[in-house]
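# Commentary on secondary and tertiary structure
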Amino acid sequence: MDKGSKIDEIIEERANGDRIITRARYPHVFREGLDRSVVEEISEIKGEPEWMRRFRLKALEIFNSKPMPNWGPPLDIDFNRIRYYVLPDEVKARRWEDLPEEIRETYEKLGIPEIERKYLSGSVAQLDSEGVYANIKRQLEEKGVIFLDSDSALKKYPDLFKEYFFRIVPVMDSKFSALNGAVWSGGSFIYVPENVRVDLPLMTYFRMNMMQEGQFEHTIIIAEKGSYVSYIEGCTAPIYNVTSLHSAVVEVYVKENAHVKFTTVQNWSRDILNLSTERARVERMGRMEWVSGSLGSRVTMLYPSSYLVGEGATASHLSISLASDHTWKDNGSKVIHFAPNTSSKIISKSISLKGGTTVFRGLVRIPKGSFNSVSHVQCDALILDESSRNFTFPHNEVYEESATVTHEASAGRIGEEQLFYIMSRGLTEDEARSMIVLGFLDDVMKEIPLEFSLELNRLIKLKISELGGTG
Amino acid sequence: MISEDDIERFSRSRYEPEWLLNLRKLNLRKFQMFREKKISDSPIERSYTKVDETFIEEAMENGTGGSFREEGEYFVIDYTSGGEMDVKSSSLKYTVLRSMQNALVDFKEDIIKSMEDPRDEWSALSNALWSTGVFLKVPSDRSCERVIKFRVIYPSKPLIKKDVFIIGSNSHMQFVEYSQVKDGFRGLEETYLDIGKNSTLKHLTMVDGNNSHIISIKNSSLGNDSNDEWYYALKNLKNGIVVTNSVLRGENSSIIHRGALIGKAYEHYDVGTNIYHTGKGTRSDSNVRAALKDFSRSVIRGRIHISSESRESNAYFSGNSLLLSENAKSNALPFLEIEGDGAQARHSATITNLDYDQLFYAQTRGLDERESRNIIVEGFLDPVVRQILIYEGTRYLIFND
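In this text the structure is predicted, and so the values were computed from the model without any measurement. (Residues numbered from 1 in each chain as written. Chains lettered and ligands numbered in written order. Predicted model: local features only at pLDDT ≥ 70, side-chain atom pairs only at ≥ 80, totals over all residues. Heavy atoms only, no water.)

## Here's the deal with the overall build of chain A
Heads up, the condition is: Runs of E in the DSSP output that reach at least two residues are strands. Runs of H or I that reach at least four are helices, and both are numbered from the N terminus. Accessible area is worked out with a 1.4 Å probe on protein chains only. A residue is then buried under 20% of its type maximum, exposed over 50%, and partly exposed in between. In what follows, residue pairs with any heavy atoms lying within 4.5 Å of each other are defined as contacts. A 1.4 Å probe and the Shrake-Rupley method give the accessible areas. Residues count as covered only by the protein chains that appear here.
When helices and strands are tallied, chain A shows 12 helices and 24 strands. Classification of the 471 residues of chain A by burial places 63% in the buried group. Pairs at least 24 residues apart make up 83% of the contacts formed inside chain A by residues separated by at least 6 positions. Accessible surface computed for chain A: about 17900 Å², of which carbon and sulfur atoms make up 50%.

## Thoughts on the overall build of chain B
Regarding its fold elements, chain B presents nine helices and 17 strands. Once local pairs closer than 6 in sequence are excluded, the contacts in chain B between residues at least 24 apart make up 83%.

## Section: the nonpolar core
Quick reminder of the rule: The criterion is simple. A nonpolar core is a set of buried Ala, Val, Leu, Ile, Met, Phe, Trp, Tyr and Cys residues joined through side-chain atoms within 4.5 Å.
Membership of the largest hydrophobic core comes to 94 residues, with the highest contact counts inside it found for Val-252 and Met-288 of chain A together with Ile-148, Phe-150, Met-173 and Leu-234 of chain B. Considering every element that reaches this core, the biggest residue donor is strand 10 (residues 227–248) of chain B, with six residues. For Phe-150 of chain B, the contacting residues outside a window of four places in its chain are Tyr-74, Phe-75, Ile-77, Leu-97, Leu-136, Phe-165, Phe-175, Val-176, Glu-177 and Tyr-178 of chain B.

## Side note on the side chain of Thr-392 of chain A
Formally: Side-chain atoms alone can form a polar contact between residues adjacent in sequence; in general such a contact is a pair of N or O atoms within 3.5 Å, and within protein one must be able to donate a hydrogen while the other accepts it.
Along the polypeptide, Thr-392 of chain A turns up in strand 23 (residues 389–398). For Thr-392 of chain A, a relative accessible area of 3% translates into the label buried. A polar side-chain atom of Thr-392 of chain A sits 3.3 Å from a polar atom in the side chain of Asn-390 of chain A. Not counting chain neighbours up to four residues away, the residues in contact with Thr-392 of chain A comprise Phe-360, Cys-379 and Ala-409 of chain A together with Pro-334, Phe-335, Leu-336 and His-347 of chain B.

## Some remarks on the pairing of strand 23 of chain A
Each regular strand shows side chains that alternate between the opposite faces of the sheet. Condition: Strands were regarded as paired on the criterion that DSSP finds at least two bridges between them.
For strand 23 of chain A, the buried fraction is high: nine of the 10 residues fall into the buried class. The pairing of strand 23 of chain A with strand 16 (residues 329–339) of chain B spans seven bridges and is antiparallel. Its bridge partner lying in strand 16 of chain B, Glu-397 of chain A is registered against Asn-331 of chain B.

## What to know about the interface of chain B and chain A
Inclusion rule: For any pair of parts, buried area is found by adding up, for both, the accessible area (1.4 Å probe) each one loses once the two are put together. Any residue that is not Ala, Val, Leu, Ile, Met, Phe, Trp, Tyr, Cys, Pro, Asp, Glu, Lys or Arg is counted as polar, Gly included; the first ten are nonpolar and the last four charged.
The partner chain A presents 37 residues to the 45 residues of chain B that form the contact. Between chain B and chain A the total buried area reaches about 3300 Å² when both faces are included, carbon and sulfur atoms providing 50% of it. Contact with chain A buries surface across chain B, with Ile-338, Asp-341 and Ile-351 of chain B losing the most and accounting together for 16% of the total. Counting across the chain B and chain A interface gives 16 residue pairs in polar contact (both at pLDDT 80 or more). The set of elements that each furnish at least two residues to the side of chain B that touches chain A consists of strand 14 (297–306), strand 16 and strand 17 (343–353) of chain B. In terms of residue class, the side of chain B that touches chain A is built from 18 nonpolar, 15 polar and 12 charged.

## With respect to the packing of helix 3 (residues 50–65) of chain A against helix 9 (residues 175–183) of chain A
A pair of packed helices can be characterised by two numbers: the angle between their axes and the separation between those axes. Residues and elements named next belong to chain A. We count it as follows: Only the stretch in contact is used when fitting a helix axis, every axis being a line fitted to C-alpha atoms; angles between N-to-C directions are given from 0 to 180 degrees. Each angle gets one of four labels, with under 35 degrees taken as roughly parallel, over 145 as roughly antiparallel, 65 to 115 as roughly perpendicular, and the rest as oblique. Crossing chirality is assigned from the near helix's rotation relative to the far helix, an anticlockwise turn below a right angle marking it left-handed and a clockwise turn marking it right-handed.
Following both chains from N to C, one finds helix 3 and helix 9 inclined at 150 degrees, their axes separated by 7 Å at the closest point. Here helix 3 is positioned roughly antiparallel relative to helix 9, judged by the angle of their axes. Read as a crossing pair, helix 3 and helix 9 show a hand that is left-handed. Contacts between helix 3 and helix 9 involve Phe-55, Arg-56, Ala-59, Leu-60, Ile-62 and Phe-63 from the first element and Lys-175, Ala-178, Leu-179, Gly-181, Ala-182 and Val-183 from the second.

## A word on the packing of helix 1 (residues 4–13) of chain B against helix 2 (residues 18–36) of chain B
Residue and element names in this part refer to chain B. Running from amino to carboxyl end, helix 1 crosses helix 2 at an angle of 150 degrees, the nearest separation of the two axes being 10 Å. Regarding the angle of helix 1 to helix 2, the classification is roughly antiparallel. Note that helix 1 runs across helix 2; the crossing there is right-handed. Facing helix 1, whose interface residues are Glu-4, Ile-7, Glu-8, Phe-10, Ser-11 and Arg-12, helix 2 presents Glu-18, Leu-21, Arg-24, Lys-25, Leu-28 and Arg-29. In the contact of helix 1 with helix 2, the residues fall into four nonpolar, one polar and seven charged.

## Section: the packing of aromatic side chains
How we decide: Each Phe, Tyr or Trp ring, with Trp reduced to its six-membered ring, pairs with another whose centre is within 6.5 Å; inter-plane angles below 30 degrees give stacked pairs, above 60 give edge-to-face pairs, and intermediate values give tilted ones.
On inspection of all chains with the given rule, the structure shows 27 aromatic pairs over all chains. Both rings, one in Phe-391 of chain A and one in Phe-393 of chain A, keep their centres 6.0 Å apart while their planes meet at 25 degrees; by these two values the pair is stacked. Under the relative-accessibility criterion, Phe-391 of chain A is labelled buried at 9%. Aromatic pair Phe-75 of chain B and Phe-150 of chain B: ring centres 6.3 Å apart, planes at 40 degrees, arrangement tilted. Placement of the pair is Phe-75 of chain B in strand 2 (residues 74–78) and Phe-150 of chain B in strand 5 (residues 147–154), with a sequence separation of 75 residues. Comparing Phe-75 of chain B with Phe-150 of chain B, the two get one shared label, buried.

## Side note on unusual backbone geometry
Notably, His-326 of chain A is not glycine yet its phi reads approximately 60 degrees, a positive angle. You can see His-326 of chain A is positioned in the loop between strand 17 (314–323) and strand 18 (328–331). A positive phi angle, near 60 degrees, is found at Asp-141 of chain B, a position not held by glycine. On the basis of relative accessibility, which here comes to 51%, the residue Asp-141 of chain B falls in the exposed class.

## Quick word on helix 8 (residues 369–380) of chain B
Residue and element names in this part refer to chain B. Selection criterion: Helix span, as expected, comes to 1.5 Å for every residue beyond the first.
For helix 8, spanning 12 residues, the distance from its first C-alpha to its last is 16 Å, which sits close to the expected 16 Å at 1.5 Å a residue. The inward-facing, buried residues of helix 8 contact strand 11 (254–263), strand 13 (283–292), strand 15 (313–323), helix 7 (356–364) and helix 9 (382–392). Capping of helix 8 at its N-terminal end is provided by Asp-368; its side-chain oxygen lies 3.2 Å from the backbone amide nitrogen of Arg-370.

## Section: the pairing of strand 15 (residues 299–302) of chain A
Residue and element names in this part refer to chain A. The side-chain alternation of strand 15 yields two buried faces, one formed by Val-299 and Met-301 and the other by Thr-300 and Leu-302. Where strand 13 (residues 272–282) and strand 15 come together, four bridges link them in parallel fashion. Its bridge partner being in strand 15, Leu-275 is matched across the sheet by Met-301. Taken together, the four bridges between strand 15 and strand 18 define a ladder with parallel strand orientation. Bridge pairing in strand 18 places Val-299 opposite Trp-328.

## Focus: the pattern of salt bridges
All names here are of chain A. Keep this limit in mind: Each reported salt bridge corresponds to a side-chain nitrogen of Lys or Arg within 4 Å of a carboxyl oxygen of Asp or Glu.
What the rule picks out here adds up to 43 salt bridges over all chains. Notably, a salt bridge pairs Lys-255 with Glu-224, separated by 3.6 Å at the nearest N-O pair. Of the two residues, Lys-255 is situated in the loop between strand 11 (249–254) and strand 12 (259–267) and Glu-224 in the loop between strand 8 (218–223) and strand 9 (228–236); the sequence distance between them amounts to 31 residues. Given a relative accessible area of 15%, Glu-224 falls into the buried group. For Glu-416, the salt bridge is made with Arg-413, and the minimal N-O distance between the two is 3.2 Å. Salt bridges sharing partners connect three or more residues here, namely Glu-40, Glu-50, Arg-53 and Arg-54.

## Observations concerning the environment of Trp-19 of chain B
Residue and element names in this part refer to chain B. Along the polypeptide, Trp-19 turns up in helix 2. Taking the C-alpha atoms as reference, Trp-19 lies 8.6 Å from Ile-112; in sequence the two are 93 residues apart. Excluding its chain neighbours within four sequence positions, the residues that come into contact with Trp-19 are Leu-104, Lys-108, Ile-111 and Ile-112.

## What about the confidence of the model for chain A?
Residues and elements named next belong to chain A. Put simply, the rule reads: Per-residue confidence from the prediction method is given by pLDDT, with values spanning 0 to 100.
Summarising the model, chain A shows a mean pLDDT of 77, and 75% of its residues fall at 70 or more. Scored below 50 in pLDDT, residues 1–8 makes 12 contacts in the model with residues more than four places away or belonging to other chains. Note on residues 237–242: pLDDT is under 50 here. Beyond four places in sequence and across chains, it has 20 contacts.

## Some points on the environment of Leu-201 of chain B
Residues and elements named next belong to chain B. As for its placement among the helices and strands, Leu-201 is situated in strand 9 (residues 200–222). The exposure class of Leu-201 is buried, given its relative accessible area of 1%. For Leu-201 and Asp-228, which are 27 residues apart along the polypeptide, the C-alpha to C-alpha distance reads 4.9 Å. With near-sequence residues (within four places) excluded, Leu-201 lies in contact with Ile-167, Met-173, Phe-175, Leu-193, Ile-195, Asn-227, Asp-228 and Glu-229.

## Some words on the environment of Glu-267 of chain B
Residues and elements named next belong to chain B. Tracing the sequence through the fold places Glu-267 in the loop between strand 11 and strand 12 (268–277). Sequence-wise, Glu-267 and Lys-293 are 26 residues apart; in three dimensions their C-alpha atoms are separated by 9.2 Å. Excluding anything up to four places from it in sequence, Glu-267 contacts Asn-236, Leu-237, Lys-238, Ile-262, Phe-295, Ser-296 and Arg-297. Only 3.0 Å separates the side chain of Glu-267 from the backbone nitrogen of Lys-264, close enough to count as a polar contact.

This is the structure:
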């Protein structure tokens, strides 16, 4: 594909202020690989300010200088075989009807009937690397809530964006946060003003359509004093057989007395490497809740973290992960109690089957001076067959006398007696198995919004039944 | 760092057989391998404890030493002086007790077995460089009726030693080890325990560190239906690294480990319990308890590894820390590595402070604050303290609080 001329065309059209309409399905297919020129092109196409261009280039330098992590799951990424930017043919659609037929169809296949979207308070549906659909309900706008895709937010609210961009996750945090800094594109930007409660959850669907395409969204959530927001991110991707890379950064700022609930339901396809960074900064009496259900992907390395910087801040991390078909789920949670009277709760449930590996890597650190901080960590694992594995690597560090940290974990199989008992009630082995598994997940499942937990339930039942009677 | 030539010179100067030299070289290579190994578990796992490794070369220069004598009910192993290391005590009957060097000829097979497969870098290093140690063997079907009590006296100069305890099948043994350490000792010691099928071993280790830096490794290998019960208590170690590697290779073998430590001043303890379940129907139950005063710090590690061939196994590890001062610190790293669906493993870890309700309650019963604290700490360390009382009749850990 003649890339150069396409870019020129688009830049030209953009300069004319026209909406871009092209026949090509993917007008912008970058060459594979990553260097300065790619980063500069991305920045140029997006029409970004100078500081962002410089920031991207700096991030690229950091990315190149950082080594790959020498721990964790096996990662064999050829960074030169990944496309770092894709632009769907529709840049921005104002109304549902403006969305291309194809995209609407995919959404329907995902189980989101058109009627249901009306219940969604507003949605930024991300198709490939660009927010395609941005629909914000009027009442939210009236309340002063900003819910945009990150690219639009950068244009509309440059100062606000700059203030919070790569603050809690420093760009030099890890190789992959630097990568996101260099090539980020899309993601959500949410700003909730003081004392505003957003009653309906804000939702977005992520989707990756092109083979070997990277998706590097950058999500920022700012909850001002006394506000409440619940954000739901759902990710699915169709199955391709060449490795794709997903490396997002999520930054959540929870101000005094604010409450943020961040829910991710993730079902990447089996080819995707999901190496994301998620972090929240919680101020005085703030509350941060992470809820995640993670099912797909070839390798996931995802450790949502909460920095409790204000007195009385709390964090809760609930996660479900399921690894099957030789995939590797490396999940965990990190909570650092920087302030007194803070509390945290981490509950992780993992299931491995059909050669899958689940790993829990957790860190709870209570530095000196964080009086009376309390933390509880619980990680349970269920292993459904011989070839699957579970590893648990928690780190609990306490440097403060008055703190209390408790940790418990268990790993094991489905008890024969349990199975027998349920089967004696007239259920088949499959049904009994999935009933036990769902019961095992129940603590976390009930925190996941209904439509997602239904979807998850369906998916888990499907996975269990694939095992057949041999499991 | 030590090279193979150094090992060769060291071994030749001690007139050691060729096979031992080769084993030492193999272990040195393994040591380097462990060092270079990709960290796959945790990026910060190794950052908790820093080890001053200068003692290694000094220990090589110091060479052999050690004498052996009986004092009342104790066998005293004194590494401060050279001398005769063999004992022929009529009370031991069939049990063989020798120095490692004197066991090289008669018990070659046992020593090879103890050196073939080191589980971690420290075991490999001690295999490569040990200069002295004790060899004990209880033959099959000949239980050692007497509770053997060792008093081990460590010198002030660096030392690397290796002990080998072989328990044959269908036998039974109990021993108590009481380590007295001279001020400022730095060293590495490894104990290899091989418990044959249908045998039991119960042992108690007490270390009074006297400001020393000790790396103490216990490797045990259990045969079918065997049992290993170990209680250990540590105190006064400036820098104490205690690692247990237990391989439950036999069917229905089981272990019970109970550790207790009291930290004070700027002491640093790193206690690791690694349990590898490979046999069917194996059981393990381990518990480490640390009471920490002043500026002391503990790192409690646990690693339960259940391999896929192990079926119907059950493992439990728990680590508990009690912080008694505002500057005490504790880290808990209880790891689980489970392969396959054949087993159940659980672990728990708690880090808490002194319960003031308990303190108040004890005081209403007429105890003063110091006594109440002691009684709570003693209760906390009870699983080990009780065993010490059974064998020694003293409240070893608490009495000089």
